[in-house]
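Tertiary structure, described
Here's the letter readout for the chains.
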Amino acid sequence: MDRSLRLGIEAQLTKTVERPIRVIDFHQVGGGCIHRCFRIETDGGAFFLKLNAAQFADHFDAEADGLLALQKCGVRAPRVQCTGSDQDAAYIVLEFLNFGDLPLRGSMHALGASVARMHAHTGAGYGWSRDNYIGATPQHNAACATWLEFWRERRLAPQLAFARRNGHPTLAEPGLQLLDALPKLLGNHQPLPSLLHGDLWSGNASALVDNTPVLFDPAVYYGDPETDLAMTELFGGFTPDFYAGYRSIRPIDPDYAQRKTLYNLYHLLNHLNLFGDAYLPQCTHSISELLAAVKS
């Protein structure tokens, strides 16, 4: 670890814990596809460090903001110790959590119930107090009066525009048709603006050794809770116990099945824009399916 970085982290941690902290050792661990992750050993215990270039400082501030939002509504999430940056690097330091060997075994029901309780926290409108990130992609959260407007202007339209700039012209015309078709696809659907994790796939959930479920890497905003549920189905990893736990706290609208393809398209487009052509067939198929549903 660079000396100036180590000194900066020690100074920030000293402010947080209100006593001098010295970094003793550190080693790289798994846990990040964008940032480098480390376990740092200090004379005040172990911490989890996420590190990247200086331009990622706002990413870490947004992550800290999201984790605090989850914690305020009772979700177990890593506690933020500090964030910081210098001319070369940016970082966030979190509490170090010990996860079980099979982190979600026995905890899926509790995880579903925890997500449902999170969704019970509602805001005054759709959006969030600041922009944040979905992976490495900026996620715009300025408030909109209706859910349809928010999903069109803050979610689908930016991703479709990004896809055009990234050289995927085959999505341009069907993408515009889809945006025009949103009133038919969403109709009068105007859900209460629930607090969302925003990036709820299995890689962002785990459990402690006592099976307490934990959520991390949020992309929070107030919106339709079905968007979180849809993403749990996109990449797998959530068992029927998760949905049973969710339903034990709050119902799932029967019409959710008609909207989940629309909601997951946002994440498929984001993966296309971040990771390339492998996601193009899924994006094309989803848009075609949604346009066919409008015509049927």
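Below: a short report on this structure.

Calculation criteria
Residues numbered from 1 in each chain as written. Predicted model: local features only at pLDDT ≥ 70, side-chain atom pairs only at ≥ 80, totals over all residues. Heavy atoms only, no water. Helix = DSSP H or I, 4+ residues; strand = E, 2+ residues; numbered from the N terminus. Contact = heavy atoms within 4.5 Å. Pairing = 2+ DSSP bridges. Axes fitted to C-alpha atoms, helices over the stretch in contact; angles between N-to-C directions. 1 Å grid on protein atoms, 1.4 Å probe; cavity = no way out; pocket = protein on both sides within 12 Å on 5 of 7 lines; lining within 4 Å. Points joined across faces, edges and corners; volume = space filled by probe spheres on them. Nonpolar A, V, L, I, M, F, W, Y, C, P; charged D, E, K, R; others polar. Buried < 20%, exposed > 50% of the residue type's maximum accessible area, 1.4 Å probe, protein only. Phe/Tyr/Trp six-rings, centres within 6.5 Å; stacked < 30°, edge-to-face > 60°. Lys NZ or Arg CZ within 6 Å of the ring centre and 35° of its normal.

We now examine the environment of Ala 219. With respect to the element layout, Ala 219 can be found in the loop between strand S10 (213–215) and strand S11 (221–223). C-alpha separation for the pair Ala 219 and Leu 196, spaced 23 residues apart in sequence, amounts to 7.9 Å. Setting aside chain neighbours within four positions, we find Ala 219 in contact with Asn 132, Tyr 133, Ile 134, Gln 139, His 197, Gly 198 and Asp 199.

So, on to the sheet that holds strand S2 (residues 36–42). Pairing within the open sheet is antiparallel, and its 5 strands lie in the order S1-S2-S3-S5-S4. Edge positions in the open sheet fall to strand S1 (23–29) and strand S4 (80–85), since each of these has one partner strand only. Each neighbouring strand pair of the sheet contributes to a mean axis angle of 25 degrees, computed without reference to strand direction. Pairing geometry for strand S3 (residues 45–53) and strand S5 (residues 89–95), over 7 bridges, is antiparallel. Within the sheet, the bridge partner assigned to Ala 53 lies in S5 and is Ala 89.

Glancing now at the layout of surface pockets. When its volume is computed, the second largest pocket comes out at roughly 210 Å³. For the second largest pocket, the lining is made up of 14 residues, of which Pro 191, Asp 224, Pro 225, Arg 250 and Pro 251 are closest to its centre. Counting residues per element, the lining of the second largest pocket draws most heavily on helix H6 (residues 225–234), at 3 residues. A class-by-class count of the residues in the lining of the second largest pocket yields 7 nonpolar, 3 polar and 4 charged.

Moving on, we get to the side chain of Ser 286. Following the sequence through the fold, Ser 286 ends up in helix H9 (residues 280–295). For Ser 286, a relative accessible area of 9% gives the class buried.

So, about empty space enclosed by the protein. Gaps left between atoms show up when a probe the size of a water molecule is rolled over them. Scanning the entire structure with this criterion turns up 1 cavity of 30 Å³ or more. Approximately 30 Å³ is the volume attributed to the largest cavity. Together, Trp 151, Gly 198, Tyr 221, Thr 227, Asp 228, Tyr 266 and His 267 line the largest cavity. Counting only elements with at least two residues in the lining of the largest cavity, the list comes to H6 and helix H8 (256–275). Here the lining of the largest cavity is composed, by residue class, of 3 nonpolar, 3 polar and 1 charged.

It is worth spelling out the packing of aromatic side chains at this point. Under the counting rule described, the total for this entry stands at 13 aromatic pairs. Their ring planes at 55 degrees and their centres at 6.4 Å tell us that Phe 48 and Phe 96 sit as a pair that is tilted. A residue pair is termed long-range when its members are at least 10 positions apart, and Phe 48 in strand S3 and Phe 96 in the loop between S5 and helix H3 (108–119) qualify at 48 residues. For Phe 48, a relative accessible area of 17% puts it in the buried group. A connected cluster of aromatic rings, assembled from ring pairs, spans Tyr 126, Trp 147, Phe 150, Trp 151, Tyr 221, Tyr 263 and Tyr 266. Above the face of the Phe 96 ring, Arg 39 is positioned so that its terminal group lies 4.3 Å from the ring centre.

These results come straight from atomic positions and should not be treated as a statement about function.
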